[in-house]
Amino acid sequence: MDGIDFKAIGRRAARKMLTRVGQLGAGGRMRPGFLIAGAQRCGTTSLFRMLAEHPDVRPPAITKGVHYFDTADKFRRGPDFYAAHFPRNEPDRGRRILTGEASPYYLFHPLAASRIAAELPDAKVVVLLRDPVERAYSAFKQESGRGFETLSFEAALEAEAGRLAGEQERIVNDPLYQSFAHQHHAYVARGQYAGQLERMYAAMGRDRVLVLDADRFLAPELPQWDELTDFLGLSSWRPAAQIRVNSRPGNPMPEAVRSLLGGQFGESDARLPQLVGFTPSWIG
């Protein structure tokens with residue numbers, strides 16, 4: 001039948017079946033040692049795919065991003081549901097073996113950091129950041145391509161404040177509430193990184209959070225790869241080739257919009273160098 005994505009339906013059915021089976025043996029499954037928490041459209045999928053190739057990393061059995069800590073319906077199902085997504089514990093033969101996932105809404109969701117800290121007390125969090133102006137437009141192209149955004153970029157930016165009004169407070173006050181606008185229409189708000197990082201630091205502790213500049217990290221030769229593996233306690237293996245995925249082609253951002261957007265991040269950007277311990281590449 002026209003218009004029906006049978007492959008997607010099949011994938012969802014397989015995912016549900018594997019999750020149910022996995023829950024039966026949840027106690028014998030690995031718990032994540034790392035989470036790539038965001039930011040959205042900052043190279044999280046590229047980083048995850050390279051880490052998944054590491055000989056001492058076992059990726060999730062079903063999908064790279066479980067979205068357990070930021071999705072009300074998933075979080076209410078509890079730890080066994082989450083554990084079902086990960087590989088079974090196996091003898092490590094003296095090696096440090098990790099599993100982990102990449103859900104880029106974790107950084108922005110107001111409850112995710114505290115949930116992670118409570119449920120995964122030994123896990124570490126990796127955060128990638130990029131120029132928030134470029135991130136906003138990249139996010140818009142993604143949400144439009146997925147059918148979650150119907151406005152033009154300029155109109156979506158104008159509508160953002162109204163769409164998000166009261167949504168964070170409602171999420172905090174009602175943990176079973178899932179906000180579509182907060183997840184899919186926060187083009188400016190998601191790029192105001194400082195407050196999000198402060199929340200993550202407060203919940204996890206600074207020693208368990210690694211913040212990377214995406215443009216520097218994903219440069220040729222991956223100059224900060226060793227910093228990442230040292231942070232995670234992995235061996236010094238390096239990927240054979242850099243992986244760059246999920247680029248979104250499209251028309252360039254109108255310069256008038258770029259200028260307007262630039263003024264939206266000044267306060268947050270000014271706080272970043274002291275917060276993260278380096279000056280991000282997009283800041284003067």
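Everything that follows concerns the structure shown earlier in this document.
Residues numbered from 1 in each chain as written. Predicted model: local features only at pLDDT ≥ 70, side-chain atom pairs only at ≥ 80, totals over all residues. Heavy atoms only, no water.

Peer 1: Summarise the overall build of the protein; cite the residues concerned and give the values.
Peer 2: When helices and strands are tallied, the protein shows 14 helices and 4 strands. Once local pairs closer than 6 in sequence are excluded, the contacts in the protein between residues at least 24 apart make up 78%. Roughly 13,600 Å² of accessible area belongs to the protein as shown, and the carbon and sulfur atoms make up 52% of that amount. (Helix = DSSP H or I, 4+ residues; strand = E, 2+ residues; numbered from the N terminus. Contact = heavy atoms within 4.5 Å. Areas by Shrake-Rupley, 256 points an atom, 1.4 Å probe, with all protein chains shown as cover.)

Peer 1: Would you mind going over the pattern of salt bridges in detail, with residue names and values included?
Peer 2: With the rule as written, the count across this model stands at 10 salt bridges. One salt bridge connects Arg163 with Glu149, and the closest N-O pair in it is separated by 2.7 Å. Placement of Arg163 in helix H7 (residues 153–164) and of Glu149 in the loop between helix H6 (132–145) and H7 is noted, with a sequence separation of 14 residues between them. By relative accessible area, which is 5% here, Glu149 ends up buried. Close ionic contact of Arg216 with Asp213 constitutes a salt bridge, the shortest N to O distance being 3.8 Å. (Salt bridge = Lys/Arg side-chain N within 4 Å of Asp/Glu carboxyl O. Buried < 20%, exposed > 50% of the residue type's maximum accessible area, 1.4 Å probe, protein only.)

Peer 1: So what's going on with the packing of aromatic side chains? Residues and values would help.
Peer 2: To describe a pair of aromatic rings, one takes the distance between the centres and the angle between the planes. All told, the structure shown has 18 aromatic pairs when counted by the stated rule. Judged by centre distance (6.3 Å) and plane angle (50°), the rings of Phe69 and Phe75 are tilted. Taken together, the ring pairs in this structure connect Tyr68, Phe69, Phe75, Phe81, Tyr82, Phe86 and Tyr106 into an aromatic cluster. For the cation-ring pair, Lys124 lies above Phe231, with the distance from its terminal atom to the ring centre recorded as 4.8 Å. (Phe/Tyr/Trp six-rings, centres within 6.5 Å; stacked < 30°, edge-to-face > 60°. Lys NZ or Arg CZ within 6 Å of the ring centre and 35° of its normal.)

Peer 1: Residue-level account of the pairing of strand S3 (residues 124–129), with values.
Peer 2: Where burial is concerned, most of S3 is hidden: 5 out of the 6 residues are buried. Sheet analysis places strand S1 (residues 34–38) next to S3, joined by 4 bridges and oriented parallel. Looking at S3, one finds that Phe34 is bridged to Lys124. In the sheet, S3 pairs with strand S4 (residues 209–213) via 5 bridges, with the strands oriented parallel. By the bridge assignment for S4, Val126 is matched with Leu210. (Pairing = 2+ DSSP bridges.)

Peer 1: Quick one: what's the story with the sheet that holds S3, residue by residue and with numbers?
Peer 2: Taken in spatial order, the 4 strands make up an open sheet running S2-S1-S3-S4, and their pairing is parallel. The outermost strands of the open sheet, each flanked by one partner alone, are strand S2 (100–102) and S4. For this sheet, the mean inter-axis angle between neighbouring strands, taken without regard to orientation, is 20°. Contacts between helix H12 (residues 225–232) and the sheet are confined to S1, S3 and S4, with S3 contributing the most and set at about 155° to the helix. (Axes fitted to C-alpha atoms, helices over the stretch in contact; angles between N-to-C directions.)

Peer 1: Now, about the environment of Tyr201: what can you tell me, with residues and values included?
Peer 2: Summarising the element assignment, Tyr201 is placed in helix H10 (residues 193–204). Residue classification places Tyr201 among the buried positions, given a relative accessible area of 10%. Separated by 74 residues in the primary sequence, Tyr201 and Leu275 place their C-alpha atoms 9.5 Å from one another. In this structure, Tyr201 is in contact with Arg206, Val209, Val211, Leu275 and Val276, ignoring residues within four places of it in sequence.

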